[in-house]
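Chain by chain, the residues:
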Amino acid sequence: MSEAAHQRGALNRSAAYASIAMALFLVTTKLWAVIQTQSTAMLGSLADTGLDLVASLATLAGVWIAAQPADAEHRFGHGKAEALSAMFQVVLISLSAAGLAFRAVMQLIAGEQVASADEGILVSAVAFVATLVLLWWQRRVLARTGSLAIATDHLHYKSDLALNLAVIAALVLDRYLNVPGADPLFGLAIAGWLGWGAWRAAGEAIDHLMDREWPEERRAAFLEVLARHPELRGVHDLRTRTSGADDFVQFHASVDGQMTVAEAHRLMDELEERIEAEFPGVEVLIHPDPDGLVNEEGTAAEELLPGASPQRSG
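What counts and what doesn't
- Residues numbered from 1 in each chain as written.
- Predicted model: local features only at pLDDT ≥ 70, side-chain atom pairs only at ≥ 80, totals over all residues.
- Heavy atoms only, no water.
- pLDDT = per-residue confidence, 0-100.
- Helix = DSSP H or I, 4+ residues; strand = E, 2+ residues; numbered from the N terminus.
- Contact = heavy atoms within 4.5 Å.
- Salt bridge = Lys/Arg side-chain N within 4 Å of Asp/Glu carboxyl O.
- Buried < 20%, exposed > 50% of the residue type's maximum accessible area, 1.4 Å probe, protein only.
- Phe/Tyr/Trp six-rings, centres within 6.5 Å; stacked < 30°, edge-to-face > 60°.
- Lys NZ or Arg CZ within 6 Å of the ring centre and 35° of its normal.
- 1 Å grid on protein atoms, 1.4 Å probe; cavity = no way out; pocket = protein on both sides within 12 Å on 5 of 7 lines; lining within 4 Å.
- Points joined across faces, edges and corners; volume = space filled by probe spheres on them.
- Nonpolar A, V, L, I, M, F, W, Y, C, P; charged D, E, K, R; others polar.
- Pairing = 2+ DSSP bridges.
- Right-handed = clockwise from strand over helix to strand, strands pointing away.

Turning to the confidence of the model for the protein chain, a few remarks are in order. Model confidence for the protein chain is summarised by a mean pLDDT of 80, while 88% of its residues fall at 70 or above. Strand 5 (residues 312–313) is the least confidently modelled element of the protein chain, averaging 46 in pLDDT, while helix 8 (residues 261–278) averages 92, the highest of any element.

What follows is the structure, encoded as structure tokens:
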């Protein structure tokens, strides 16, 4: 394993450990607040934090497995463990949102009010400040690693900021301003927020599992790096994907058909050096073709370098 990969793994684990410690603290304090207040909004906050704890454990497992080097059974590494961890979190969040919505509807029908508010307000304020600290550290880790599992966990805790403010508002409205149904209505809103977050997180995880291509602007930047080499005649059949924190690229490179094998190999090495300089850590597979020879069909045969000469099929 490279030193850079080792450092990414260590940073991801540190963020996961911090997330677990934070979730344990918040579960304990919010459980006490739920017992004191009997608030549905507070219960929703507790459920969300409880799921954060389970999700953080899944995140730790995901980033630990993803950091393992490639082996005989997993030649492309273990990066997709992060996407699997993210999908597990999505399922938990969705179940939590459904259960919270059901509880809120039952409370609306029964017309129940919260028993107390001070404890819930205090706990939510403490949780808000503590969450800000955790988000700060997660952002630092994400800037260095780009971990999908940490990004999904980060999304949970970002939503917790609004969640804690919503709980405070619900308790104030319900207990002190006597607004009917404020607590369960806020509970329903929190359930909807959780569901929307799960939907967004699921989309990104599925993209990783399905080997979705890089965004168009990143592909264009990659091709621009290739186009700067004067001996490269063309590029086609470019394929890109991301697995956890690892990127993979393969493409066909058109070169002078009169080159020797040694010269073509030297050119491929130079291309890989340029790619590594602009896209550190990306794993590259290049297939050299004599200029003008394309055996692929459809979009795979399209010339991708601007200004390159038209190619003919072989």
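Structurally, the position occupied by Arg228 is in the loop between helix 7 (216–227) and strand 1 (234–243). Taking the C-alpha atoms as reference points, Arg228 and Arg274, separated by 46 residues in sequence, lie 9.3 Å from one another. Those residues in contact with Arg228 that lie beyond four places of it in its chain are Arg274 and Glu278.

On to the pattern of salt bridges. In total, this model carries nine salt bridges according to the counting rule given. For Arg218, the salt bridge is made with Asp247, and the minimal N-O distance between the two is 3.0 Å. Here Arg218 is found in helix 7, whereas its partner Asp247 is found in strand 2 (residues 246–255), with 29 residues between them in sequence. By relative accessible area, which is 27% here, Arg218 ends up partly exposed. Glu270 is the partner of Arg266 in a salt bridge, and the nearest nitrogen-oxygen pair spans 3.5 Å. Here Glu270 and Arg266 lie together in helix 8, a separation of four residues that amounts to about one turn. We classify Arg266 as partly exposed; its relative accessible area is 31%. Using a relative accessible area of 28% as the deciding quantity, one classes Glu270 as partly exposed. In the salt-bridge network here, residues are joined through shared partners; they are Glu224, Arg228 and Glu278.

This next bit is on the packing of aromatic side chains. If you walk through the whole model with that rule in mind, you get five aromatic pairs. Residues Trp136 and Trp137 carry aromatic rings whose centres are separated by 6.2 Å and whose planes lie at 45° to one another, so their mutual orientation is tilted. Consider the rings of Phe222 and Phe251, whose centres lie 5.9 Å apart with planes at 75°: the pair is edge-to-face. Remark: Phe251 occurs in strand 2 and Phe222 occurs in helix 7; sequence separation between them is 29 residues. When sorted by exposure, Phe222 lands in the same class as Phe251, which is buried. Its guanidinium or amino end placed over the ring of Trp214, Arg218 lies 3.9 Å from that ring's centre, counting from NZ or CZ. The ring of Phe248 has Arg241 sitting right over it, with the charged end atom 4.3 Å from the ring centre.

Evaluated as defined, the whole model comprises one cavity of 30 Å³ or more. Put simply, the largest cavity is a space of about 110 Å³. Taken together, 12 residues make up the lining of the largest cavity; nearest its centre are Leu155, Ser159, Trp193, Leu194 and Gly197. Among the elements that take part in the lining of the largest cavity, helix 6 (residues 182–209) stands out by supplying seven residues, more than any other. Here the lining of the largest cavity is built from residues that sort into seven nonpolar, three polar and two charged.

Successive residues of a regular strand alternate their side chains across the two faces of the sheet. Relative to strand 3 (residues 283–290), strand 2 runs parallel, the two sharing eight bridges. By the bridge assignment, His252 is partnered in strand 3 with His287. For the segment spanning strand 2, helix 8 and strand 3, crossover handedness is right-handed.

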